[in-house]
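# Architecture at a glance
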Amino acid sequence: MADIVLAALNAKYIHPAFGLRYLKANLGDLRDRTVLLEFDLNRRPVDIVEAILEHRPRIVGIGVYIWNATLATEVVQLLKTLRPALKVVLGGPEVSYETEQQPIAQCADHVICGEADLAFPRLARHLLEGQSPPHVLSAPLPALHEVALPYEEYTDEDLTHRILYVEASRGCPFSCEFCLSSLDIPVRTFPLQPFLAALQRLMDRGARHFKFVDRTFNLNLAVARAILEFLLHRHREGRFYHFEMIPDRLPHELREIIRQFPPGTLQFEVGIQTFNPEVAARISRRQNYARLEENLHWLREHTGVHIHADLIAGLPGESVESFAAGFDRLVALRPHEIQFGILKRLRGTPIVRHDAEWGMIYNPLPPYEILENRLIDFPTMQRLRRFSRYWDLVANSGHFLETAPLLWAPNRSPFYSFLEWSDWLFARARRTDAIALPRLAEWLFEYLTRVRTHDPHEVAATLARDFARGGHRDLPPSIRAYVCGPSPAAAAPGTAPPNTRRQALHSSRARSHSPASPARTTVSEPGTDKGDHA
Ligand code: SF4
């Protein structure tokens, strides 16, 4: 029995619910009357509802995000159908804007718009006392020194098996029109010493994988420096730290600390989104491209930081040609991963002001991706969407570190080369998910040798090295035959590979797409651990 159930519908098991842990931590004397239940998107709504109702709660709180809005709607409808007297309270970015138009909000008893850390406990107390608060409540921005930190809510299992979200600040001073964080002004910082003490406690308990969700970690140099120094001085092998950084701000004092971290322990996610200055100005995004490029060069040359860079296709006024030029420019900067995002129209964001002029048409259902605009028609946008998925499989996965660049060698445009491969692959596979690694290797081999006329022995040897590096023992026999060395005549470009039996496909469980566990043997739809562009 629990008076309050906080139900989290997470994108994947590895992503714990950060927001609901804040709510639980701030419930005061109600905390002991509360349970936090976590589910992932593979669970059936009726099973989720069963698990919730087993606790016979009086209040159920659910965080609604872009990745779980559909499932959450079904869960709320079932809850209210089965138990009309149960008070269902919603919060989260997805219901914080355009609230009244949403069926899920109409179904729920109460919706808290904005940061609910302190507003939810107040509301829960009123409900348990029998009061009748309004249907929609707008939470005032909490003073962060009054918010209890949620880190004790992480269980030992979380510490061992999941990414630990942490944050030193909230908000962003920039105003990129596609981004929810642009509405989050002003930037506020948690008191530093209690935050560092909480990190220390997590480390003492064995935490290893920290993801800072601060939207612009390097904005406040003094705080960024203090945190990095703290982590560096306590660093142990196996720990890993992820930060979202503004790419054009990396002064000397931060560089000196960053370069001291062992290779592979820091990951920086740097949002670039567009290299077209006109498009950037149109969406109110400010960035200094010269400094950005210099910083990325420096990181690649002088540090072991894993760089994850973001670009977005479909922005108003950005053509395929403009995006291609930006993509090629980014490939030349050699980030370890490029997240090729498709523009989403997130609720509440001002990007909608361009809809008429640029013919922006978005999917009305989550995750609200753009379907077409004046410069990119629907069939072309579909090609870009597939490019993005296949880029994850081939380039970002790390499975084909040496083989992937052969697609654009020598000296071809990475974008157009990969687009051709993407079109070819889709014609073969007719799908973008659940392609087993050996099968993908076979298709890569076939494409590179027959279409791009690379030497089969070289391609096979390159694939073999990639498989060996990733610890994969299942290089298909049809490729292995070339590594063992059939006669050059038999292996001439354009000739068919030996008629060997294809290795049976298998579909092992997809692993998390994270640098700490980069190997995936079967690739599913990309995870949606972020509800917004950053
Ligand atoms: S895209 Fe990044 S810099 Fe721009 S508003 Fe969002 S969080 Fe801030």
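Residues numbered from 1 in each chain as written. Predicted model: local features only at pLDDT ≥ 70, side-chain atom pairs only at ≥ 80, totals over all residues. Heavy atoms only, no water.

## A word on unusual backbone geometry
Excluding glycine, a negative phi dihedral is what most residues carry, and trans is how most peptide bonds are arranged. Of note, the bond from Pro366 into Pro367 is cis; its omega dihedral lies within 30 degrees of zero at 5°. Here Pro367 shows up in the loop between strand 15 (361-362) and strand 16 (370-372). A cis amide bond, omega -10°, links Ala409 with the succeeding residue Pro410. Along the chain, the position of Pro410 falls in the loop between helix 15 (378-396) and helix 16 (414-429). Its identity as a non-glycine residue notwithstanding, Glu98 has a phi of 50°, on the positive side. (Helix = DSSP H or I, 4+ residues; strand = E, 2+ residues; numbered from the N terminus.)

## Quick look at the domain arrangement of the protein
Accessible area lost during the coming together of the parts is what is often quoted as the interface size. You can read the domains of the protein as domain 1 (4-145), domain 2 (154-353) and domain 3 (398-520). Taking both sides of the interface into account, the surface hidden between domain 2 and domain 3 amounts to around 820 Å²; carbon and sulfur atoms contribute 75%. The interface formed by domain 2 and domain 3 holds zero salt bridges in total. Inspection of the region where domain 2 meets domain 3 yields two residue pairs in polar contact (both at pLDDT 80 or more). Put simply, the parts of the chain that give the side of domain 2 that touches domain 3 at least two residues each are helix 13 (320-332) and strand 14 (337-342). Ranked by residues supplied to the side of domain 2 that touches domain 3, first place goes to helix 13 with seven residues. Considered class by class, the residues forming the side of domain 2 that touches domain 3 number seven nonpolar, three polar and three charged. (Domains from an automatic or database assignment. Buried area = accessible area lost by both parts, 1.4 Å probe. Salt bridge = Lys/Arg side-chain N within 4 Å of Asp/Glu carboxyl O. Polar contact = N/O pair within 3.5 Å; in protein donor to acceptor, adjacent residues only side chain to side chain. Nonpolar A, V, L, I, M, F, W, Y, C, P; charged D, E, K, R; others polar.)

## With respect to the packing of helix 17 (residues 437-451) against helix 18 (residues 456-469)
A pair of packed helices can be characterised by two numbers: the angle between their axes and the separation between those axes. Contact geometry for helix 17 and helix 18: axes closest at 10 Å, N-to-C directions at 155°. One way to sum up the angle between helix 17 and helix 18 is to call them roughly antiparallel. Crossing hand, helix 17 versus helix 18: right-handed. Together, Leu437, Pro438, Ala441, Leu444, Phe445, Leu448 and Thr449 of helix 17 and Pro456, Val459, Ala460, Leu463 and Phe467 of helix 18 make up the contact between the two elements. In the contact of helix 17 with helix 18, the residues fall into eleven nonpolar, one polar and no charged. (Axes fitted to C-alpha atoms, helices over the stretch in contact; angles between N-to-C directions. Parallel < 35°, antiparallel > 145°, perpendicular 65-115°, else oblique. Left-handed = near helix turned anticlockwise from the far one by under 90°. Contact = heavy atoms within 4.5 Å.)

## With respect to the packing of helix 13 against helix 16
Between helix 13 and helix 16, whose axes approach to 8 Å, the crossing angle comes to 110°. Relative to helix 16, helix 13 is oriented roughly perpendicular. Residues Val320, Glu321, Phe323, Ala324, Phe327, Asp328 and Val331 of helix 13 touch helix 16, and the partners they reach there are Pro414, Phe415 and Tyr416. Residues of the contact of helix 13 with helix 16, tallied by class, amount to eight nonpolar, no polar and two charged.

## Quick notes on the sheet that holds strand 12 (residues 266-273)
Taken in spatial order, the six strands make up an open sheet running 7-10-11-12-13-14, and their pairing is parallel. Across the chains shown, the open sheet's two edge strands, defined by having one partner strand only, are strand 7 (164-166) and strand 14. When strand polarity is set aside, the average angle formed by the axes of neighbouring strands in this sheet is 20°. Pairing of strand 10 (residues 209-212) with strand 11 (residues 240-245), which is carried by three bridges, proceeds in the parallel orientation. When the bridges of strand 11 are listed, Phe210 appears paired with Tyr241. Of the strands in this sheet, strand 13 (306-313) and strand 14 touch helix 15, which is tilted by about 160° from strand 14. (Pairing = 2+ DSSP bridges.)

## Looking at the sheet that holds strand 3 (residues 59-63)
Strands sit in the order 2-1-3-4-5-6 across an open sheet of six strands; the sheet is parallel. Of all the strands in the sheet, the pair left with one neighbour each is strand 2 (34-40) and strand 6 (136-138). Across this sheet, the average inter-strand angle for adjacent strands is 20°, counted without regard to direction. Where strand 1 (residues 4-10) lies against strand 2, seven bridges are found, and the strand directions are parallel. Looking at strand 2, one finds that Asn10 is bridged to Asp40.

## Looking at the pattern of salt bridges
Within this structure, the stated rule accounts for 37 salt bridges. In this structure, the salt-bridge partner of Arg347 is Glu94, at a minimum N-O distance of 3.0 Å. Separated by 253 residues along the polypeptide, Arg347 in the loop between strand 14 and helix 14 (355-358) and Glu94 in helix 4 (residues 93-96) bring together distant segments of the chain. By relative accessible area, which is 15% here, Arg347 ends up buried. Residue classification places Glu94 among the buried residues on the basis of a relative accessible area of 5%. The salt bridge involving Arg345 is made with Glu98; its shortest N-O contact spans 3.1 Å. Taken as a pair, Arg345 in the loop between strand 14 and helix 14 and Glu98 in the loop between helix 4 and helix 5 (103-107) lie far apart in primary sequence, 247 residues in all. Through salt bridges with shared partners, one network takes in Glu115, Asp117, Glu167, Arg170 and Arg188. (Buried < 20%, exposed > 50% of the residue type's maximum accessible area, 1.4 Å probe, protein only.)

## Thoughts on the side chain of Thr265
Structurally, Thr265 can be placed in the loop between helix 10 (252-258) and strand 12. Thr265 sits in the buried class, given a relative accessible area of 6%. When near neighbours in sequence (up to four residues on either side) are disregarded, Thr265 contacts His235, Arg239, Phe240 and Tyr241.

## Focus on helix 18
Compared with an ideal rise of 1.5 Å per residue, which puts 14 residues at 20 Å, helix 18 spans 20 Å between its outermost C-alpha atoms and is within 8% of the ideal. Inspection of helix 18 places Pro456, Val459, Ala460, Thr462, Leu463, Ala464, Asp466 and Phe467 among the buried residues, and these make up the whole buried set. Looking at the packing, one finds that the buried side of helix 18 touches helix 17 and helix 19 (477-484). Where helix 18 begins, one side-chain oxygen reaches toward the backbone nitrogen of His457, 3.0 Å away; that side chain belongs to Asp455. (Expected span 1.5 Å × (residues − 1).)

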